[in-house]
Amino acid sequence: MYLNIFDSHTHSDTSWDAEHSITFLCETAVKKGILGFAITDHCEINEYESRDIEARIMQGHFEMLKARAAFGKSIMLSYGIELGQMNYDLNLTRHVLAMKPYDFVLGSLHCIRGDQDFYYMDFQGTDPYALLEEYYKELYEIAKLNLFDSMAHISYPIRYMNGKCGLGVDLSRMDDLIDLTLRTLAQNGKALEINTSGLRGPIGETSPTLKYVKRFRELGGEYLTLGSDAHAAEELGEGIQETMAMASQAGFQYFTFYKKRQPRLLQIY
Ligand SMILES: [Zn+2]
Ligand SMILES: [Zn+2]
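All of the points below concern the structure found in this document. (Residues numbered from 1 in each chain as written. Chains lettered and ligands numbered in written order. Predicted model: local features only at pLDDT ≥ 70, side-chain atom pairs only at ≥ 80, totals over all residues. Heavy atoms only, no water.)

## Describing the packing of helix α1 (residues 22-32) against helix α2 (residues 53-71)
The relative placement of two packed helices is expressed as an angle between their axes plus a distance between the axes.
Right, so step 1: In contact at an axis separation of 8 Å, α1 and α2 are set at 35° when each is read in the N-to-C sense. Along this stretch, α1 crosses α2, giving a crossing that reads as right-handed. Contacts between α1 and α2 involve I22, T23, C26, E27 and V30 from the first element and G60, E63, M64, A67 and F71 from the second. (Axes fitted to C-alpha atoms, helices over the stretch in contact; angles between N-to-C directions. Helix = DSSP H or I, 4+ residues; strand = E, 2+ residues; numbered from the N terminus. Left-handed = near helix turned anticlockwise from the far one by under 90°. Contact = heavy atoms within 4.5 Å.)

What follows is the structure in structure tokens.
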């Protein structure tokens with residue numbers, strides 16, 4: 001079956017926390033009948049040396065070329081990168097961006113300055129609202145840098161605060177700060193990602209939720225990318241179909257994927 005599904009957020013074993021090769025992801029995508037996907041392996045700017053990321057980028061690019069040679073006729077493969085914490089070191093960010101001919105750059109923020117990834121936190125003895133305020137100030141810094149194509153999972157801390165730790169945090173207390181980022185993305189013609197990984201986890205919702213996708217539209221946002229954040233082949237394309245319906249509810253007729261850093265539109269139906 002031909003499906004109009006393009007997954008703009010996936011990880012291969014070039015990322016330290018993912019399981020399968022790009023070639024195997026391509027094979028799975030063909031089996032699932034999806035149109036294509038972007039490979040967006042991690043590049044955490046603050047862990048560039050400790051994770052040996054330069055070598056990973058070289059290897060990932062080589063793997064992508066092999067996969068494209070084998071599957072290029074049956075699947076659209078966009079060569080991307082998930083660039084985390086780019087606001088921490090602009091010189092290094094520019095170096096990474098100049099290294100390879102990326103089709104797609106996904107901007108993300110997984111922590112706040114000097115702290116660990118929210119993924120590892122148990123939030124004991126912390127004020128979650130103070131952490132969130134800091135997070136959204138930093139996210140706004142990244143939005144203003146304007147060096148990416150789409151902004152990933154803008155409610156990332158909530159995945160762990162509410163999904164994993166059940167803190168019951170009310171994100172709407174951050175709405176004014178979140179607006180700054182959404183407005184900047186819209187004004188700069190950048191995309192907002194709807195990340196579907198939460199649909200597979202305890203939180204049971206996308207990042208962000210419909211409310212923020214609607215707000216992005218109200219502020220003039222034109223482009224949405226949809227991403228499963230797959231860390232294993234079976235997760236590829238998961239939740240994208242449902243999320244198209246949500247995008248449509250928010251007033252979008254199209255969603256976007258990127259080739260050569262240019263948006264390509266796919267109709268939502
Ligand atoms: Zn991420
Ligand atoms: Zn990711």
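## Here's the deal with empty space enclosed by the protein
Right, so step 1: Counted according to the given criterion, the structure contains two cavities of 30 Å³ or more.
Right, so step 2: Its volume calculated, the largest cavity comes out at about 120 Å³.
Right, so step 3: If you go around the largest cavity, you meet 13 residues; those closest to its centre are T14, D41, R56, I57 and G80.
Right, so step 4: At the level of elements, β2 (34-44), α2 and β3 (76-84) are the ones that each hand at least two residues to the lining of the largest cavity.
Right, so step 5: Among the elements that take part in the lining of the largest cavity, α2 stands out by supplying five residues, more than any other.
Right, so step 6: Taken together, the residues of the lining of the largest cavity sort by class into six nonpolar, five polar and two charged.
Right, so step 7: Of the voids in this model, the second largest cavity is the one considered here, and its volume is about 70 Å³. (1 Å grid on protein atoms, 1.4 Å probe; cavity = no way out; pocket = protein on both sides within 12 Å on 5 of 7 lines; lining within 4 Å. Points joined across faces, edges and corners; volume = space filled by probe spheres on them. Nonpolar A, V, L, I, M, F, W, Y, C, P; charged D, E, K, R; others polar.)

## Some remarks on the coordination of the zinc ion (ligand 1)
Right, so step 1: Around the zinc ion (ligand 1), the donor atoms from the protein are E82 (OE), H110 (NE2) and H153 (NE2), and they sit 2.1 Å away.
Right, so step 2: Written as a sequence motif, the donor residues of the zinc ion (ligand 1) are E-x27-H-x42-H. (Donors = N, O, S within 2.8 Å, 3.2 Å for Na, K, Ca; no water.)

## Quick look at helix α6 (residues 175-187)
Right, so step 1: The end-to-end C-alpha separation of α6 is 18 Å, in line with the 18 Å expected for 13 residues at 1.5 Å each.
Right, so step 2: Turning to α6, its buried residues number three or more, namely L177, I178, D179, T181, L182, T184, L185 and A186. (Expected span 1.5 Å × (residues − 1). Buried < 20%, exposed > 50% of the residue type's maximum accessible area, 1.4 Å probe, protein only.)

## Quick notes on the pattern of salt bridges
Two side chains with opposite charge may pair up if their charged atoms get near one another.
Right, so step 1: Counted under the stated rule, the structure contains 14 salt bridges.
Right, so step 2: A salt bridge links R68 to D103; the nearest nitrogen and oxygen atoms lie 3.1 Å apart. Within this pair, whereas R68 is found in helix α2, its partner D103 is found in the loop between α3 (90-99) and β4 (104-108), the two being separated by 35 residues in sequence.
Right, so step 3: A salt bridge links R215 to E218; the shortest N-O distance between them is 2.8 Å. (Salt bridge = Lys/Arg side-chain N within 4 Å of Asp/Glu carboxyl O.)

## Quick notes on the coordination of the zinc ion (ligand 2)
Right, so step 1: Coordination sphere of the zinc ion (ligand 2), protein contribution only: H9 (NE2), H11 (NE2), E82 (OE) and D229 (OD), at 2.1 to 2.4 Å.
Right, so step 2: The zinc ion (ligand 1) is placed at 3.4 Å from the zinc ion (ligand 2), the two being bridged by E82.
Right, so step 3: By relative accessible area, H9 is classed as buried at 0%.

## Focus on the sheet that holds β2
Right, so step 1: Here seven strands make up an open sheet; going across it, the order is β1-β2-β3-β4-β5-β6-β7 and the pairing parallel. The sheet is open, and its two edges are formed by β1 (3-10) and β7 (223-227), each paired on a single side.
Right, so step 2: Of the pairings in the sheet, the one linking β4 to strand β5 (residues 150-151) comprises two bridges and is parallel in character. Paired with G107 across the strands is M151, a residue of β5.
Right, so step 3: Here helix α8 (residues 240-249) sits on the sheet and contacts β1, β6 (191-195) and β7; the angle it forms with β1, its principal contact strand, is near 100°. (Pairing = 2+ DSSP bridges.)

## A short note on the side chain of S150
Right, so step 1: Among the secondary structure elements, S150 is positioned in strand β5.
Right, so step 2: Judged by relative accessible area, S150 falls into the buried class, the value being 0%.
Right, so step 3: Engagement of the side chain of S150 in a polar contact is seen with the backbone oxygen of A191, the distance being 3.5 Å.
Right, so step 4: The contact partners of S150, leaving out residues within four places of it in the chain, are F104, V105, L106, G107, A191, L192, E193 and T225. (Polar contact = N/O pair within 3.5 Å; in protein donor to acceptor, adjacent residues only side chain to side chain.)

## Brief notes about the pairing of β7
Across a regular strand the side chains alternate sides, sitting on one face of the sheet and then on the other.
Right, so step 1: Of all five residues making up β7, five are buried, and the element is well covered by its neighbours.
Right, so step 2: The sheet contact formed by β6 and β7 spans five bridges and is parallel. Paired with A191 across the strands is Y223, a residue of β7.
Right, so step 3: Each parallel crossover has a hand, and the one from β6 via helix α7 (residues 210-218) to β7 is right-handed. (Right-handed = clockwise from strand over helix to strand, strands pointing away.)

## Describing the packing of α2 against α3
Right, so step 1: Close contact between α2 and α3 brings their axes to 11 Å; oriented N to C, the two are set at 15°. With respect to their mutual orientation, α2 and α3 come out roughly parallel. Crossing geometry of α2 relative to α3 is assigned as right-handed. Where α2 approaches α3, its residues E54, I57 and M58 are matched on the opposing element by H95, V96 and M99.
Right, so step 2: A per-class count over the contact of α2 with α3 returns four nonpolar, one polar and one charged. (Parallel < 35°, antiparallel > 145°, perpendicular 65-115°, else oblique.)

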